[in-house]
Amino acid sequence: MLAEVILGKSLNSVCLISSSVPRTGEGKGKTTPAALPRWERLDNGQVEEMADSDDDDIPQLSSHTLAALQEFYDEQQHRNTDPGEDNKYNIGVIEENWQLSQFWYNEETALQLATEAIMAAGKGGRIACVSAPSVYQKLRELKDEDFSVCILEYDKRFAVYGEEYIYYDYNNPLNLPENLTPHSFDIVIADPPYLSEECLRKTAETIKFLTQGKILLCTGAIMEKEAAELLGVKMCKFIPKHTRNLANEFRCYVNYDSGLNSEVKYS
């Protein structure tokens, strides 16, 4: 049986077209490398043909195709580990990883939340972004403003941002560096990765440890009751949007007098 591999580099996708090979990929309609049965990606990033199988119906990829796949993965790895100085902080320069429940805000929402955080922190303020990398990236784009910011994130690809990156796992909410002292941030903006009481409760421990008082929480509308109980926050009028449409309604919550409750949009 013949199979054709199409590398869509501009779409960052790898597709295999074959009537006998099912499509996979988190139900998003996107084909992942798992759908290709005759090769595997090794830990060192190399693409290698898998051992022969007795099933002659499984399509085999040519050496030319394997070389093209290797080139594709080399480019992907370079993009994800070295974004480059010119666009280092652009939203999307580090791609979403759905397996980590990553969904980036669109440009308008990221700007709105970043500007809100700057105004809430005040001149010379300190801002902590907990599991909110696209807001962090937008804050760093606004580098002429007088504030400091750090990102607490599980995904180690964001270590490209140097000392501002702090590895964070919500399952260990207070496992933080010693130099991250209690109540040392003017505002904490947090976007827990999962819509569950457990995830919000553990993330709330981190938030309350870090903040001097102000909290900007972004999570699903279904978490409104839990957010109020755990952090004393109330839902805002502003509705955040993502680059992709999500099934769950998303909202922002604060515990202070916020510009997100006004009709004015930052630009």
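Residues numbered from 1 in each chain as written. Predicted model: local features only at pLDDT ≥ 70, side-chain atom pairs only at ≥ 80, totals over all residues. Heavy atoms only, no water.

1. Brief notes about the packing of helix 4 (residues 197–210) against helix 5 (residues 224–231)
The description of two helices packed together rests on the angle between their axes and the distance between the axes. Their axes nearest at 10 Å, the elements helix 4 and helix 5 cross at an angle of 30°. Comparing the axis directions of helix 4 and helix 5 gives the class roughly parallel. As for how helix 4 packs across helix 5, the hand of that crossing is right-handed. Contacts between helix 4 and helix 5 involve Glu197, Leu200, Arg201, Ala204, Ile207 and Lys208 from the first element and Glu226, Ala227, Leu230 and Leu231 from the second. (Axes fitted to C-alpha atoms, helices over the stretch in contact; angles between N-to-C directions. Helix = DSSP H or I, 4+ residues; strand = E, 2+ residues; numbered from the N terminus. Parallel < 35°, antiparallel > 145°, perpendicular 65-115°, else oblique. Left-handed = near helix turned anticlockwise from the far one by under 90°. Contact = heavy atoms within 4.5 Å.)

2. A closer look at the side chain of Arg251
Tracing the sequence through the fold places Arg251 in strand 11 (residues 250–254). Of note is the side chain of Arg251, whose polar atom sits 2.7 Å from the backbone oxygen of Cys236. Ignoring sequence-local partners within four residues, the contact set of Arg251 consists of Leu217, Cys218, Thr219, Ala221, Met235, Cys236, Lys237, Phe238, Ile239 and Pro240. (Polar contact = N/O pair within 3.5 Å; in protein donor to acceptor, adjacent residues only side chain to side chain.)

3. Looking at helix 4
With 14 residues, helix 4 extends 20 Å from end C-alpha to end C-alpha; this agrees with the ideal 20 Å at 1.5 Å per step. Within helix 4, burial applies to Cys199, Leu200, Lys202, Thr203, Ala204, Thr206, Ile207 and Leu210. The elements touched by buried residues of helix 4 are strand 5 (125–130), strand 6 (147–153), strand 8 (185–190), strand 9 (211–220) and helix 5. (Expected span 1.5 Å × (residues − 1). Buried < 20%, exposed > 50% of the residue type's maximum accessible area, 1.4 Å probe, protein only.)

4. Some remarks on the environment of Asn172
Relative to the elements of secondary structure, Asn172 occurs in the loop between strand 7 (165–167) and strand 8. Given the relative accessible area of 41%, Asn172 is considered partly exposed. Residues Asn172 and Glu205, 33 residues apart in the sequence, show an inter-C-alpha distance of 9.5 Å.

5. A look at the nonpolar core
Formed by 32 residues in total, the largest nonpolar core has its most connected members in Leu113, Ile127, Cys129, Val135, Leu139 and Leu216. Element by element, the count of residues in this core is highest for helix 2 (residues 107–121), at seven residues. Dropping the residues within four chain positions of it, Leu139 is found in contact with Ala114, Ile118, Ile127, Cys129, Phe147 and Val149. Counting 25 residues, the second largest nonpolar core, distinct from the first, contains Ala204, Leu210, Ala227 and Leu231. (Core = buried A, V, L, I, M, F, W, Y, C linked by side-chain atoms within 4.5 Å.)

6. Points about the side chain of Asp191
Note that Asp191 resides in the loop between strand 8 and helix 4. No salt bridge is formed by the buried Asp191, whose closest oppositely charged neighbour, Arg251, lies at an N-O distance of 13 Å. Polar side-chain contacts of Asp191 include one of 2.7 Å to the side chain of Tyr105. (Lys, Arg positive; Asp, Glu negative; His and termini not counted. Salt bridge = Lys/Arg side-chain N within 4 Å of Asp/Glu carboxyl O.)

7. Quick word on the pairing of strand 6
Regular strands show a simple pattern: their side chains alternate between the two faces of the sheet. For strand 6, a buried count of six out of seven residues is recorded, marking the element as mostly surrounded by other parts of the structure. Sheet analysis places strand 6 next to strand 7, joined by three bridges and oriented parallel. Each bridged residue has a counterpart across the sheet, and for Leu152 the counterpart in strand 7 is Ile166. (Pairing = 2+ DSSP bridges.)

8. Here's the deal with the pattern of salt bridges
Counted according to the given criterion, the structure contains seven salt bridges. Taking the shortest distance from any N to any O, the salt bridge between Lys138 and Glu141 comes out at 2.9 Å. Taken together, the residues Lys138 and Glu141, both in helix 3 (residues 133–141) and three residues apart, mark about one turn of the helix. Here the salt bridges share partners, and the residues they tie into one network are Glu107, Lys138 and Glu141.

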